[in-house]
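# Structural overview
What follows is each chain in one-letter form.
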Amino acid sequence: MKKYSEFKLKITPFDAAVLLTEIEELKDLLVFQDYKLTEGQDKQISILIFEKFYFRTTSFASLTVVFDNFEGETVMKCISAGNGDGLFNLGLGSGKNFIKSIRSPLEDYIVEVVHED
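Before going into details, it helps to say that this report is about the structure given with it.

What counts as what
- Residues numbered from 1 in each chain as written.
- Predicted model: local features only at pLDDT ≥ 70, side-chain atom pairs only at ≥ 80, totals over all residues.
- Heavy atoms only, no water.
- Buried < 20%, exposed > 50% of the residue type's maximum accessible area, 1.4 Å probe, protein only.
- Helix = DSSP H or I, 4+ residues; strand = E, 2+ residues; numbered from the N terminus.
- Arc of directions from axis to C-beta.
- Phe/Tyr/Trp six-rings, centres within 6.5 Å; stacked < 30°, edge-to-face > 60°.
- Core = buried A, V, L, I, M, F, W, Y, C linked by side-chain atoms within 4.5 Å.
- Contact = heavy atoms within 4.5 Å.
- Pairing = 2+ DSSP bridges.
- Axes fitted to C-alpha atoms, helices over the stretch in contact; angles between N-to-C directions.

By the burial criterion, the buried members of helix H1 (residues 13-21) are Pro 13, Ala 16, Ala 17, Leu 20 and Thr 21. Considered in projection along H1, the buried side chains sweep an arc of 130° and stay on one side of the axis.

Looking now at the packing of aromatic side chains. Two numbers describe a pair of aromatic rings. These are the distance of the centres and the angle of the planes. Tallying each qualifying case throughout the model produces 2 aromatic pairs. Plain terms: the ring middles of Phe 53 and Phe 60 are 5.1 Å apart, the flat faces sit at 65° to each other, and that makes the pair edge-to-face. The exposure class assigned to Phe 53 is partly exposed, which follows from its relative accessible area of 33%. Judged by its relative accessible area of 48%, Phe 60 falls in the partly exposed class.

Core analysis: the biggest nonpolar cluster contains 22 residues, and Leu 9, Phe 50, Val 65, Phe 67, Met 76 and Ile 102 have the highest contact counts within it. Those elements that place two or more of their residues in this core are strand E1 (3-9), H1, strand E3 (44-54), strand E4 (59-68), strand E5 (74-81) and helix H3 (94-103). Considering every element that reaches this core, the biggest residue donor is E4, with 4 residues. If we ignore the near neighbours within four places in the chain, the residues touching Phe 50 are Leu 26, Leu 29, Leu 30, Val 31, Ala 61, Ser 62, Leu 63, Val 65, Phe 98 and Ile 102.

Another point: the side chain of Ser 46. As for its position among the elements, Ser 46 is in strand E3. Apart from the residues within four sequence positions on either side, Ser 46 is in contact with Pro 13, Phe 14, Ala 17, Asp 34, Tyr 35, Val 65, Val 66 and Phe 67.

This part takes up the sheet that holds E4. Strand pairing in a sheet relies on backbone hydrogen bonds, with the paired strands running either antiparallel or parallel. Across the sheet, which stays open at both edges, the 6 strands sit in the order E2-E3-E4-E5-E1-E6 with antiparallel pairing between neighbours. Strands with a single pairing partner mark the edges of an open sheet, and in this sheet they are strand E2 (30-37) and strand E6 (110-116). Each strand of the sheet is rotated relative to its neighbour by a mean of 15°, with strand direction disregarded. Here E1 runs beside E6; their pairing, made up of 5 bridges, is antiparallel. Across the sheet, the residue bridging to Ser 5 is Glu 116, located in E6. Where H1 meets the sheet, it contacts E1, E2, E3, E4 and E5, and its direction lies at approximately 25° from that of E3.

Below is the structure:
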């Protein structure tokens, strides 16, 4: 079951990504990371992909986190997927829980909740 959350942050995309990748528990779940700058280096994008096994659904869940400041403010978009089980794709809260594990360390930097499933 897919879950999507979006937040505005008061730190740069790179700073937010570095903060998450320095957390040992999250570092172990990280399967991909990429960072890009525009030519003037004022616009940034960071992409992090995490994967975690949830016993309650007996399946792996992925979480894609995108940070960018293309429109001036830093935006964090979190998309969880693959966390459902069975015919009805029941996630039993695993997608929301996965997003929470990313949101919690950045809580002090969140200035606005744009969208939250």
